[in-house]
Amino acid sequence: MDILKIAVLAISGVLLALMLKQAKPEYSMFISMAVCVCIFIYLLSRLQTILGYLKQLEALVHIDGIYLDTILKMLGITYITQFASDLCKDAGYSAIAGQIELFARVSILFLSFPVLMALVQMIEDVL
């Protein structure tokens, strides 16, 4: 039960951060960030398993690998952006968080253009 481990880690980190918030607020923020990083690293280890399943699915369904890679890149951008943006917001730097989110949107738009062009080409071939 991995979610139980993550929940216990998160609740323990929050309680520790709350206790330290009165005496040392800067340590409270560091503990919060450390818990977030630990959870994110654990998530990355789980993503390796998911990537293996997606490769098996790609072989079974005969999906072009370029499209699957593009989708995975987009998912990676969204996960990393959410993580970094939340950390910046928690630290009180909302402007930086907004810029991270804007950069991610433009990056996803940039990645989606080849897929859009392939779709337009396919429609053109049919017509």
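None of the values given here were measured: they were computed from a predicted structure. (Residues numbered from 1 in each chain as written. Predicted model: local features only at pLDDT ≥ 70, side-chain atom pairs only at ≥ 80, totals over all residues. Heavy atoms only, no water.)

A. Representation of the overall build of the protein in the model. Looking only at helices and strands, one finds four helices and zero strands in the protein. Listed N to C, the secondary structure of the protein is α-α-α-α in terms of helices and strands. For 127 residues, the compact-globule formula gives about 14 Å, and the C-alpha radius of gyration of the protein, at 20 Å, lies well above that figure. A burial count over the protein gives 16% of its 127 residues as buried. Pairs at least 24 residues apart make up 54% of the contacts formed inside the protein by residues separated by at least 6 positions. Just so you have it, the protein exposes about 9,600 Å², and 74% of that area is on carbon and sulfur atoms. Separation of charge centres in the protein, based on 8 positive and 10 negative side chains, amounts to 13 Å. (Helix = DSSP H or I, 4+ residues; strand = E, 2+ residues; numbered from the N terminus. Rg over C-alpha atoms; globule rule 2.2 N^0.38 Å. Buried < 20%, exposed > 50% of the residue type's maximum accessible area, 1.4 Å probe, protein only. Contact = heavy atoms within 4.5 Å. Areas by Shrake-Rupley, 256 points an atom, 1.4 Å probe, with all protein chains shown as cover. Lys, Arg positive; Asp, Glu negative; His and termini not counted. Charge placed at Lys NZ, Arg CZ, Asp CG, Glu CD.)

B. Main features of a nonpolar patch on the surface. Taken together, the side chains of Leu109, Phe113, Leu116, Leu119, Val120, Met122, Ile123, Val126 and Leu127 make up a nonpolar region of the molecular surface, amounting to roughly 940 Å² of accessible area. Its location among the elements puts Leu116 in helix 4 (residues 94–126). Judged by its relative accessible area of 42%, Leu116 is partly exposed. (Patch = residues over 30% accessible without salt bridge, like charges linked within 9 Å, V, L, I, M, F, W, Y side chains within 5 Å. Salt bridge = Lys/Arg side-chain N within 4 Å of Asp/Glu carboxyl O.)

C. Seen up close, the packing of helix 2 (residues 25–61) against helix 3 (residues 65–90). Relative to each other, helix 2 and helix 3 sit at 170°, their axes nearing to 12 Å. Considering the angle they form, helix 2 stands roughly antiparallel to helix 3. When helix 2 is examined against helix 3, the residues Ser32, Met33, Cys36, Val37, Phe40, Leu47, Leu51, Leu54, Lys55 and Glu58 are found in contact with a partner set consisting of Gly65, Leu68, Asp69, Leu72, Tyr79, Ile80, Phe83, Leu87 and Asp90. When the residues that make up the contact of helix 2 with helix 3 are grouped by side-chain class, the tally is 13 nonpolar, two polar and four charged. (Axes fitted to C-alpha atoms, helices over the stretch in contact; angles between N-to-C directions. Parallel < 35°, antiparallel > 145°, perpendicular 65-115°, else oblique. Nonpolar A, V, L, I, M, F, W, Y, C, P; charged D, E, K, R; others polar.)

D. Examining the side chain of Thr70 more closely. Relative to the elements of secondary structure, Thr70 occurs in helix 3. On the basis of relative accessibility, which here comes to 12%, the residue Thr70 falls in the buried class. Excluding residues that lie within four positions of it along the chain, Thr70 makes contacts with Leu111 and Val115.

E. Inspection of helix 1 (residues 2–23) at higher detail. Spanning 22 residues, helix 1 covers 33 Å between terminal C-alpha atoms, matching the ideal 32 Å at 1.5 Å per step. All buried positions along helix 1 are accounted for by Ile6, Gly13 and Ala17. The buried side chains of helix 1 occupy one side of the element, clustering within an arc of 35° when seen end-on. For helix 1, exposure combined with an orientation more than 90 degrees from the buried face picks out Leu4, Ile11, Leu18, Met19 and Gln22. Those residues of helix 1 that are buried are in contact with helix 2. (Expected span 1.5 Å × (residues − 1). Arc of directions from axis to C-beta.)

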